[in-house]
Amino acid sequence: MDYALIWAALIAIAVFAYVALDGFDLGIAILFPAFPEEKHRDVMMNAVAPVWDGNETWLVLGGGGLLAVFPLAYSVLLPALYMPVIVMLLGLIFRGVAFEYRFKTRRAKFVWDVSFIVGSWAAAMSQGIMLGAILQGISVTGRQYSGGWFDWLTPFTIFCGLAVVVGYVLLGASWLIMKTHGEIQQRSYRYARIAAVILVLAIAAVSIYLPVVDETIAKRWFTFPASALFWSLPTLLAIVAVGLLRSLRKSQQGRPYLWSLGLFFIAFLGFSVSIFPYLVPHAITIWDAAAPENSLKFLLVGAAFLIPIIFAYTGYTYWVFRGKIDESSGYHD
Amino acid sequence: MLDSFDALSLARFQFAFTVAFHIIFPAFSIGLASFLAVTEALYLKTRNPVYQKMWRYWVKIFAVVFGMGVVSGLVMSYQFGTNWSVFSDKAGPVIGPLMGYEVLTAFFLEAGFLGVMLFGMNKVGERLHFFATIMVAIGTAISAFWILSVNSWMQTPAGWALNSDGQFIAKDWFAVIFNPSFPYRLMHMVVAAYLTTAMMIGAVGAWHLLRDSSSAVARKMFSMAMWMALIVAPIQAFIGDMHGLNTLEHQPAKVAAMEGHFKTEPGAPLYLFGWPNMETAEVDYSIAIPNGASLILTHSLDGEFAGLDQFPREQWPNVPLVFWSFRIMVAMGLLMILLGVISAWKRWRGRLYQSRFLHRFALLMAPSGFIAVISGWVVTEAGRQPWTIYGLLKTHESASPIAAEGVAGSLLAFIVVYFFVFGAGVFYIIRKMRQHPDDVHVPDYAVHKGIASEFLMNEE
């Protein structure tokens, strides 16, 4: 069995789970400036307060998992992305503590609002930049990163950063559509619509830009079997985009979030196919980076057994906190 | 510009700073989670409202502490890669899966049930809620299990081999996980977490007793904490002794540094005070008990154990640092034992809730657990130098190829952010602790069920 490939798929699932779940937490925070009223902000925060911690854990799994099963990729990528990683971690600190601190003070509430907004912005932007930096390639010599200090900073990576911010806004707005009603929900429909349009355009732009500047990606996209997928992706993207916009126009409650996830899934698929079989494009493949087989097997035994259990009780938590949140359902004193 | 040695020092300082900040929170939350589980169990069994108030009082503090632990812990899981990439590449195949198991068995469990524990009382009912509290407590313990296994493997590596890429691989996972120092380190740390929490709970109880000695909730928490001090602090001394003997067997240079033991000779003295001088290889200004160290470490007055002269000079750890951190840790432990003994005496005399001396002493002991935990970690981590994986991989061969300017920038950012963010957290916790514990608002769950949360209004 190709354990490295199985693990690549599992890490991809962890990353996607992170994006799908923490994406709406971050998106809601990014939307905070559009909702200046304190009562709205309380509701928005409570729409994610019981679950954000579990959502962030997928990021820990992504990092820990990469160290365990692809140590070479971990030890090349993190120094290469040093600054965006540190900014993301600091951003997530500001975001995370705001959940508790914000309800512990009246005088300084605005400080933790700012901390929540800026922290989430920084985290989302850094994640997008890292995505872009991986796509544009990373210099490697031997078993180490050999590029410069600011290799990750290009117009392309900034574009990717902004695209992820917009994407998270879409997830956040559609989560609010599902979890709230009244004014917050009404405004969220509007923000979701704007974000959806921008995100679709951004995905299209990246999909056109990448094969133009990167021959390997172009070759992959235009040779079978990836080409089959490639030509079906624009169609899929169009279908999902239309589905999302229609769902928003019809004021559906839960569907917009699912359609938004569909949009992310397509982008994620495009990303995976573009870099496959590399973990660090043009330098380190899945098999180069893989830990020795007994490490892969040892963790896989547990993962195969535990990940379904994790999905089960995470699902249970979401079920406990199902339904709409309103101003009377504050979780804090 | 800074040279490469400085990049290494900065990276080490950054790791030490972020991990020392981080350990404060888990040390507190491991103990608090168990305390909350016990308190909730006692409430469900006795229906005594004192337990319910105590639970609600401490769960708010737990929420803040846990949150700070999560966000400072996330930093650790990425810092292996950002700053210690060579180490990560080489050791990842062995320690990575253990950390992977920590995420899968502990972090998800804690995070998954934390929401129900904090916010779910009116949604799931008492039994399921109690279950959630237990799951969170178990999660914190499992987390300690894995991360201490990782740390212990780096101290006393076992069950490994090298592959052709120069990576460590596991030959025997059981030997890797249950490496020689792991059982001792795990026990020592978990008990330390319990004592740290007991000292905090005892101090808060004592403070409220100083203001109002009739407070039922303050009495209960103070009494529980003093039982812990009486029973668990001596047990910790015993575990610590076993851990020390284990270290003598596997990392003799560390023990030599802890004791300021430069020359191998029978009947080594136990230095109570002094300044180990690494130039002259002597302990300056020393006050010592003759033959004391030999007695403790070999259980014989004229026993002999390796001094630092048995090791090449470049393999010595920073002796004064290890020597003094060890003494601070032991002093804290002895003070905890003393507190336990005095409390037992007062309890026997029926003055547990009236003795202002005892309450002041307990109040002063509030940070003792944190001080002991951090100095204990300095002993074990600084005492391991110059190795990251003891005897196998040197620290200076482990770091990332990051320029000093970059590490200096991130270090500065961490220092500023940590003091601001966690300073605010400590401020909110202390303000919370000022609330009279008898005044805790306990909502009527039945009335609120399904409509609104019980946590609605009572802050400030």
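Keep in mind the model is a prediction, meaning the values are calculated, not measured.

Caption draft 1: View of the packing of aromatic side chains. Enumeration according to the criterion identifies 56 aromatic pairs over all chains in this entry. Grouping aromatic residues by their ring pairs yields a cluster made of F298(A), Y101(B), F145(B), W146(B), W173(B), F174(B), F178(B) and F182(B). A cation over a ring is seen here: R322(A) above W319(A), with NZ or CZ 3.9 Å from the ring centre. A cation over an aromatic ring shows up here: R327(B) above the ring of F323(B), its NZ or CZ 3.6 Å from the ring centre.

Caption draft 2: Just the pairing of strand β3 (residues 270-277) of chain B, in detail. Residues and elements named next belong to chain B. Direction of pairing for β3 relative to strand β4 (residues 282-289): antiparallel, over a ladder of 6 bridges. Following the sheet pairing, L270 is matched in β4 by I289. Count of turn residues in the β3/β4 antiparallel hairpin: 4 residues, of which A281 carries a positive phi of about 55 degrees.

Caption draft 3: Representation of the confidence of the model for chain B. Residues and elements named next belong to chain B. Here chain B averages 88 in pLDDT, and 95% of its residues register 70 or above. Contacts of residues 446-460 to residues separated by more than four positions or lying in other chains number 43 contacts, the stretch itself having pLDDT below 50. In the model output, the complex is listed with pTM 0.89 alongside ipTM 0.88.

Caption draft 4: Fine view of the interface of chain B and chain A. Across the contact, 80 residues belong to chain B and 68 residues belong to chain A. When chain B packs against chain A, the two sides together hide about 6700 Å² of surface, and 71% of this comes from carbon and sulfur. Considering only the side of chain B, the residues that lose the most area to chain A are Y78(B), F108(B) and F119(B), jointly responsible for 12% of the buried surface there. In this assembly, chain B and chain A are joined by 2 salt bridges. Residues D89(B) and R143(A) are paired through a salt bridge, measuring 2.7 Å at the closest nitrogen-oxygen approach. Counting every contact that joins chain B to chain A gives 17 residue pairs in polar contact (both at pLDDT 80 or more). Listing elements by their share of the side of chain B that touches chain A, those giving two or more residues are α2 (49-83), α3 (85-119), α4 (121-124), β2 (168-170), α6 (173-177) and α14 (404-433) of chain B. When residues in the side of chain B that touches chain A are grouped by element, the largest group, 26 residues, is from α3(B). Residue composition of the side of chain B that touches chain A, grouped by class: 50 nonpolar, 22 polar and 8 charged.

Caption draft 5: Summary view of the packing of helix α1 (residues 3-30) of chain A against helix α6 (residues 109-136) of chain A. Residues and elements named next belong to chain A. Relative to each other, α1 and α6 sit at 140 degrees, their axes nearing to 8 Å. Classified by the angle between their axes, α1 and α6 sit oblique to one another. Considering the relative orientation of α1 and α6, their crossing is left-handed. Between α1 and α6, the residues in contact are Y18, L26, A29 and I30 and F116, I117, S120, W121, A123, A124 and Q127, respectively. Grouping the amino acids of the contact of α1 with α6 by side-chain chemistry returns 9 nonpolar, 2 polar and no charged.

Caption draft 6: Quick peek at the nonpolar core. Grouped together as the largest cluster of nonpolar side chains are 275 residues, with contacts concentrated most on F70(A), Y101(A), Y168(A), W58(B) and F422(B). A per-element tally of this core places α2(B) first, with 20 residues. The residues contacting Y168(A), other than those within four sequence positions of it, are Y18(A), V19(A), G23(A), L26(A), G27(A), I30(A), A124(A), Q127(A) and F264(A). Listed in part, the 13 residues of the second largest apolar core include L148(B), F182(B), A192(B) and V373(B).

Caption draft 7: Here's a closer look at a positive patch on the surface. All names here are of chain A. Among the surface-exposed residues, R190, R193, R246, R249, K250 and R255 lie close enough to one another that they form a single positively charged patch. Those elements giving two or more residues to the positive patch turn out to be α8 (182-213) and α10 (226-249). Residue placement: R255 occurs in helix α11 (residues 255-275). R255 sits in the partly exposed class, given a relative accessible area of 48%.

Caption draft 8: Quick peek at the UniProt feature "transmembrane region" (unreviewed entry) in chain A. Residue and element names in this part refer to chain A. The feature "transmembrane region" (unreviewed entry), as annotated in UniProt, sits at residues 6-35, 80-98, 110-135, 155-178, 190-210, 222-245, 257-279 and 299-321 in this numbering. Across residues 190-210, helical content stands at 100% and strand content at 0%; the span's end C-alpha atoms are separated by 31 Å. End C-alpha to end C-alpha, residues 299-321 measures 32 Å, and it is 96% helix and 0% strand.

Caption draft 9: Examining the side chain of D53(A) more closely. By the element assignment, D53(A) lies in helix α3 (residues 52-69). Buried charge without a partner: D53(A) forms no salt bridge, and the closest opposite charge is R95(A), 8.1 Å away.

Caption draft 10: Here's a closer look at α1(A). Residue and element names in this part refer to chain A. Here α1 spans 38 Å end to end across 28 residues, near enough to the 40 Å set by a 1.5 Å rise per residue. Helix geometry: α1 is bent most strongly at G23, by close to 35 degrees. Within α1, 21 of the 28 residues are buried, leaving the element largely enclosed by the surrounding structure.

Caption draft 11: Just the environment of R102(A), in detail. Residue and element names in this part refer to chain A. Mapped onto the elements of the fold, R102 is located in the loop between α5 (82-101) and α6. Assessed through its relative accessible area of 0%, R102 is described here as buried. Sequence separation between R102 and T180 is 78 residues, and the spatial gap between their C-alpha atoms is 20 Å. When neighbours within four sequence positions are excluded, R102 is seen to be in contact with F32, E38, R41, D42, M45, K109, W112 and D113. A polar contact of 2.4 Å, which involves the side chain of R102, links it to the side chain of D113.

Conventions adopted
- Residues numbered from 1 in each chain as written.
- Chains lettered and ligands numbered in written order.
- Predicted model: local features only at pLDDT ≥ 70, side-chain atom pairs only at ≥ 80, totals over all residues.
- Heavy atoms only, no water.
- Phe/Tyr/Trp six-rings, centres within 6.5 Å; stacked < 30°, edge-to-face > 60°.
- Lys NZ or Arg CZ within 6 Å of the ring centre and 35° of its normal.
- Pairing = 2+ DSSP bridges.
- Helix = DSSP H or I, 4+ residues; strand = E, 2+ residues; numbered from the N terminus.
- pLDDT = per-residue confidence, 0-100.
- Contact = heavy atoms within 4.5 Å.
- Buried area = accessible area lost by both parts, 1.4 Å probe.
- Salt bridge = Lys/Arg side-chain N within 4 Å of Asp/Glu carboxyl O.
- Polar contact = N/O pair within 3.5 Å; in protein donor to acceptor, adjacent residues only side chain to side chain.
- Nonpolar A, V, L, I, M, F, W, Y, C, P; charged D, E, K, R; others polar.
- Axes fitted to C-alpha atoms, helices over the stretch in contact; angles between N-to-C directions.
- Parallel < 35°, antiparallel > 145°, perpendicular 65-115°, else oblique.
- Left-handed = near helix turned anticlockwise from the far one by under 90°.
- Core = buried A, V, L, I, M, F, W, Y, C linked by side-chain atoms within 4.5 Å.
- Buried < 20%, exposed > 50% of the residue type's maximum accessible area, 1.4 Å probe, protein only.
- Patch = residues over 30% accessible without salt bridge, like charges linked within 9 Å, V, L, I, M, F, W, Y side chains within 5 Å.
- Areas by Shrake-Rupley, 256 points an atom, 1.4 Å probe, with all protein chains shown as cover.
- Lys, Arg positive; Asp, Glu negative; His and termini not counted.
- Charge placed at Lys NZ, Arg CZ, Asp CG, Glu CD.
- UniProt positions renumbered as here; feature names shortened; annotations may be inferred.
- Expected span 1.5 Å × (residues − 1).
- Bend = angle between axes of the 7 residues up to and from the residue.

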